[in-house]
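Summary of structural features
Residues per chain are reported as follows:
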Amino acid sequence: MASFFMVALLVVGATLWNAYHREQEQLLRNEQAQATYWQARENYLAGNYAYSLALLQEIPAYTPIAVEALEYREKIFTELEEKGFWHYQRGQYEESARLLQILADQDINYKPAMFARLVASYELLQNYEGAIRAYESVIRAEPRTIEARNRLAAIYAEHYGDFDKAMQYYEQASELVIEEYKSQYGNAYALTVNPGKTPDSHYQLHCGLAKVYLAQGMHYQADAALKWALFLRPDEPMAYYLMGIRQREAGNLAAACYNWKQAEGRGSAQAGDFLATYCR
């Protein structure tokens, strides 16, 4: 019997010690979380936004300060967005991109207006690596976006000369456009598409495709893309301008000059330059 009580006493003692030890560990974690929280606040006030957000992210959810830390993160997100927009509106694109990129890296919530200003800032700064990363984020958030794929393709084609990568995104966009047409008009969509109901991104897609095809000497494919572009937006200049380039390469200068004249009349300064050079 004595042996039983001795064992029971040891078990109770061990249990109490373990509970006390766990309580002390929890108190220590709470203190560490509290210290991290205040360190994060100090860094935010010093302008170290990314580091501040990273510190707040480290605070465990089971600590008493966790709710306050989450609220402070949301406060930082709001201020970063407001400051980023403020700088963008004033043409301070480098600072706008810096602040909005921090927000994009840290905030799991997709904000279309924020990403629109972020990619615009990068493009205006000619920071195409940044623009590519931002557009890729947009595609992950909006898998059916045509606009972002068009812009990515244009960046790869015009600034990197990577036509394979450009075609990858243009082909993705083309598949999405065809799916839209088939869902609205059926398989005979080519005969029934209403240009007035198509978004500008469809026209931009065909013009972009034509540029890449022309750059690679793929004239038949360029012709098909330009026919679609002219059908969708007969009052826009870009397709006429590109058609003029296509006709000049084919040796038909009269047709080229006609198309450049059409483009110039619709506002294309580039077409005006070509008219002055080749169509005197």
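Preceding this section is the structure that the text describes.
The rules behind these values
- Residues numbered from 1 in each chain as written.
- Predicted model: local features only at pLDDT ≥ 70, side-chain atom pairs only at ≥ 80, totals over all residues.
- Heavy atoms only, no water.
- Helix = DSSP H or I, 4+ residues; strand = E, 2+ residues; numbered from the N terminus.
- Contact = heavy atoms within 4.5 Å.
- Salt bridge = Lys/Arg side-chain N within 4 Å of Asp/Glu carboxyl O.
- Buried < 20%, exposed > 50% of the residue type's maximum accessible area, 1.4 Å probe, protein only.
- Expected span 1.5 Å × (residues − 1).
- Arc of directions from axis to C-beta.
- Core = buried A, V, L, I, M, F, W, Y, C linked by side-chain atoms within 4.5 Å.
- Phe/Tyr/Trp six-rings, centres within 6.5 Å; stacked < 30°, edge-to-face > 60°.
- Lys NZ or Arg CZ within 6 Å of the ring centre and 35° of its normal.

Attention shifts here to the environment of Ala173. Relative to the assigned elements, Ala173 resides in helix H8 (residues 163–185). Once the C-alpha coordinates of Ala173 and Leu205 are considered, the two residues, 32 residues apart in sequence, prove to be 7.4 Å apart. Not counting the four nearest positions on each side in its chain, Ala173 is found in contact with Ile146, Arg149, Asn150 and Leu205.

With that settled, the discussion passes to the pattern of salt bridges. Two side chains that carry opposite charge are able to pair once their charged atoms sit near each other. All told, the structure shown has 10 salt bridges when counted by the stated rule. Residues Lys111 and Asp107 are paired through a salt bridge, measuring 3.1 Å at the closest nitrogen-oxygen approach. A salt bridge links Glu123 to Arg151; the shortest N-O distance between them is 2.4 Å. On the criterion of sequence distance, the pair formed by Glu123 in helix H5 (residues 112–124) and Arg151 in helix H7 (residues 147–159) is long-range, its members being 28 residues apart. Residue class for Arg151 comes out partly exposed when judged on its relative accessible area of 29%. Several salt bridges share partner residues, and in doing so they unite Glu81, Asp107 and Lys111 into one network.

Before going further, it helps to examine the side chain of Asn259. Along the polypeptide, Asn259 turns up in helix H13 (residues 253–265). When neighbours within four sequence positions are excluded, Asn259 is seen to be in contact with Tyr240, Tyr241, Met243, Gly244 and Gln247.

Here the focus is helix H11 (residues 219–232). Relative to the 20 Å expected for 14 residues at 1.5 Å per residue, H11 spans 20 Å between its end C-alpha atoms, a close match to the ideal helical length. All of the buried residues in H11 are Ala222, Ala225, Leu226, Ala229 and Leu232. Each buried residue of H11 lies within a common arc of 125° when the element is viewed along its axis, so the set occupies one face. Turned more than 90 degrees away from the buried face of H11 sit Tyr220 and Lys227, all of them exposed. Where the residues of H11 are buried, they touch H8, helix H10 (200–215) and helix H12 (238–249).

Glancing now at the nonpolar core. Counting residues in each nonpolar core, the largest one holds 77 residues, and the members touching the most others are Leu56, Leu80, Met114, Leu118 and Leu242. Residues in contact with Met114, not counting those within four places in the same chain, are Glu81, Phe85, Leu100, Leu103 and Ala104.

Working note: non-glycine residues mostly have negative phi, and peptide bonds are mostly trans. At Gln126, a residue that is not glycine, the phi angle is positive and equals roughly 60°. When you line up the elements, Gln126 lands in the loop between H5 and helix H6 (128–141). Taking the relative accessible area as the measure of exposure, Gln126 reaches 57% and is therefore exposed.

Bringing the packing of aromatic side chains into the picture now. Summed over the entire model, instances satisfying the criterion amount to 17 aromatic pairs. An angle of 65° between the planes, with centres 5.4 Å apart, marks the rings of Tyr88 and Tyr93 as edge-to-face. Under the relative-accessibility criterion, Tyr88 is labelled partly exposed at 23%. Across the ring face of Phe85, the terminal group of Arg117 is positioned such that the distance to the ring centre comes to 4.1 Å.

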